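As a plain string of letters, each chain reads:
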Amino acid sequence: MKQHFYPGLLIFFFLCSSPVSAQKPAKQPDAGPGAVSRQTIEAHLSFLASDALEGREAGRNGGRVAAEYIKAVLSEYGVKPFYDTYFQRFEAYSPAREKGIDFQVHPDSIARYRQLPVYRRLNLQNVVGCIEGEQKDGYVVIGAHYDHVGVDDLLVGDRIYNGADDNAASVAALLQIAELFAASGKKPVKSIVFAFWDGEEINYLGSEYFVENFGDPSRIKAYINLDMISREGLMPVLYPQFEIPEASAENTAAGNQFHLAFTGELEDLSRKTVAAIADHHLDIAPKPVVMEHGSRGSDYLAFSLRRVPVLWFFTGLHPDYHTPGDETGTVRLEKLTDITKAVYLTLQQSANEK
Ligand SMILES: [Zn+2]
């Protein structure tokens, strides 16, 4: 099979053993979800979850390389930066680690911590692209965190937390969707913000910083969250009763399932997603579930606390969750590809509602 190289990404060839390469989908206007390419998703995923990125820890080199990669891909795809640049840089502060207090991005907390004799600081960056819609002031934000938990140098054996399902797979899916929306050349009704969050694994820092600094959050008509969308469909109870399930025949049988969690306002959108999955004969089984505003678990928290309607795609926890075993080889690529198509259809619906 002939392989295309992304010319803007040559720098990354030196960082990983398998070069970033993929068969690009035909760039036809309105090619629809059929243009979602498994090979493209796999290429992004296998780079982001490679050992070379050292678990993409927020504030560390691996996390910064991931951010540079996402920026280069967005630029290559013709997705414009949301701000003056693709990077939304910010700092997070905490007291010394023995105090056991999480990093914060709020100016009040920062001012307080900076008066301490010693305090901790992290330099972080969200990567944010945009496709402008007819409405300049009505947004759909779709986001996935790109950071993970890094490396444990003291581990004997595999020391690298690759975070393939959590959350390189979602980043790969979102890059593919951004490419297709940009390639269509069509202006959506609402502006679409493609957000790649930093610092989720610490305290949802990137999404919190973005929403805190967005201005009036009522301009965001929906937030679509992608976090852990590529595994077999083990079905935990949603947070706060998160429990990591054991692998079992029953869970494996649930292989094509995923949670479609939504706050009440998006019941209609979630119904349309379920219908679109059936219309397009996708081999995935959505399990709609209502989520309360203010429930924790992923980057939707910052939005839902400000009453922004939220929809979350999530295939559930699994025994490799937050272990070095969360590697590219355990991802279900067919399922991930079909979920990417479902997200594409959901975004198209949501961004074009008047
Ligand atoms: Zn995650």
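Above this text is the structure in question.
Within the protein one finds 10 helices and 11 strands. Split into buried and exposed, the 354 residues of the protein put 56% on the buried side. If you take every contact in the protein between residues at least 6 apart in sequence, the share linking residues at least 24 apart comes to 78%. Accessible surface, the protein as shown: approximately 15,100 Å² in total, 49% of it carbon and sulfur.

Here the focus is the coordination of the zinc ion. Around the zinc ion, the protein contributes the donor atoms His145 (NE2), Asp166 (OD), Asp227 (OD) and Asp227 (OD), which lie 2.0 to 2.7 Å from the metal centre. Each of the 4 donor atoms around the zinc ion contributes to a set of angles spanning 52 to 153°, which defines the coordination as irregular. Sequence spacing of the donors to the zinc ion: H-x20-D-x60-D. Highlighted residues: Asp166 in helix H4 (residues 164-184) and Asp227 in the loop between strand E8 (220-226) and helix H7 (249-253), separated in sequence by 61 residues. Taking the relative accessible area as the measure of exposure, Asp227 reaches 4% and is therefore buried.

Counting buried residues along E8, 6 of its 7 residues qualify, which places the element largely inside the surrounding structure. When strand E6 (residues 135-145) meets E8, the two strands line up parallel, connected through 5 bridges. Along E8, the bridge assignment pairs Tyr139 with Ile220. Taken together, the 4 bridges between E8 and strand E11 (residues 310-314) define a ladder with parallel strand orientation. Pairing of Tyr223 across the sheet is with Val310, part of E11.

All right, on to the environment of Pro286 then. Relative to the helices and strands, Pro286 is located in strand E10 (residues 285-290). Residues Pro286 and Thr315 lie 29 residues apart in sequence; the distance between their C-alpha atoms is 9.3 Å. When sequence neighbours within four positions are dropped, the list of residues in contact with Pro286 reads Phe258, Val274 and Ile277.

Applying the stated criterion to the full structure yields 15 salt bridges. Residue Arg219 is joined to Asp137 by a salt bridge in which the shortest nitrogen-to-oxygen separation is 3.0 Å. With a gap of 82 residues between them, Arg219 in the loop between helix H6 (205-212) and E8 and Asp137 in strand E6 connect regions that are remote in the sequence. Taking relative accessible area as the criterion, Arg219 reaches 18% and is therefore assigned buried. Asp137 sits in the partly exposed class, given a relative accessible area of 45%. The salt bridge partner of Glu212 is Arg306, with a shortest N-O separation of 2.8 Å. Of this pair, Glu212 sits in helix H6 while Arg306 sits in the loop between helix H9 (300-304) and E11, and the two are 94 residues apart along the sequence. Accessibility expressed as a relative area gives 25% for Arg306, which makes it partly exposed. Salt bridges here are not isolated pairs; linked through shared partners, they connect Glu132, Lys136 and Lys187.

What follows deals with the nonpolar core. Core analysis: the largest hydrophobic core is formed by 65 residues, its most contacted members being Leu45, Phe194, Phe196 and Phe313. Of the residues forming this core, the biggest block, 12 residues, is contributed by H4.

Pairing analysis gives 6 bridges linking strand E9 (residues 257-262) to E10, with the strands arranged parallel. Within the sheet, the bridge partner assigned to Ala261 lies in E10 and is Val289. The parallel pair E9 and E10, bridged by helix H8 (residues 267-279), forms a crossover whose chirality is right-handed.

In this section: the packing of aromatic side chains. Here the structure, examined in full by the defined rule, presents 18 aromatic pairs. When the centroid spacing of 6.4 Å and the interplanar angle of 10° are considered together, the rings of Phe82 and Phe214 count as stacked. Note that Phe82 is positioned in the loop between strand E3 (80-81) and strand E4 (87-95) and Phe214 in the loop between H6 and E8, a separation of 132 residues in sequence. With a relative accessible area of 8%, Phe214 lands in the buried category. Between Phe210 and Phe214, the aromatic rings sit 5.5 Å apart at their centres with planes inclined by 40°, giving tilted as the arrangement. Across the pair, Phe214 and Phe210 agree in class, each one buried. A connected cluster of aromatic rings, assembled from ring pairs, spans Phe82, Tyr83, Tyr139, Trp197, Phe210, Phe214, Tyr223 and Phe303. Over the ring of Phe87 we find Lys71; its NZ or CZ atom is 5.2 Å from the centre of that ring.

Before going further, it helps to spend a moment on the environment of Leu305. By the secondary structure assignment, Leu305 is in the loop between H9 and E11. C-alpha of Leu305 to C-alpha of Gly294: the two residues are 11 residues apart in sequence and 4.9 Å apart in space.

Conventions we followed
- Residues numbered from 1 in each chain as written.
- Predicted model: local features only at pLDDT ≥ 70, side-chain atom pairs only at ≥ 80, totals over all residues.
- Heavy atoms only, no water.
- Helix = DSSP H or I, 4+ residues; strand = E, 2+ residues; numbered from the N terminus.
- Buried < 20%, exposed > 50% of the residue type's maximum accessible area, 1.4 Å probe, protein only.
- Contact = heavy atoms within 4.5 Å.
- Areas by Shrake-Rupley, 256 points an atom, 1.4 Å probe, with all protein chains shown as cover.
- Donors = N, O, S within 2.8 Å, 3.2 Å for Na, K, Ca; no water.
- Tetrahedral: all angles 85-135°; square planar, octahedral: opposite > 155°, others 65-115°.
- Pairing = 2+ DSSP bridges.
- Salt bridge = Lys/Arg side-chain N within 4 Å of Asp/Glu carboxyl O.
- Core = buried A, V, L, I, M, F, W, Y, C linked by side-chain atoms within 4.5 Å.
- Right-handed = clockwise from strand over helix to strand, strands pointing away.
- Phe/Tyr/Trp six-rings, centres within 6.5 Å; stacked < 30°, edge-to-face > 60°.
- Lys NZ or Arg CZ within 6 Å of the ring centre and 35° of its normal.

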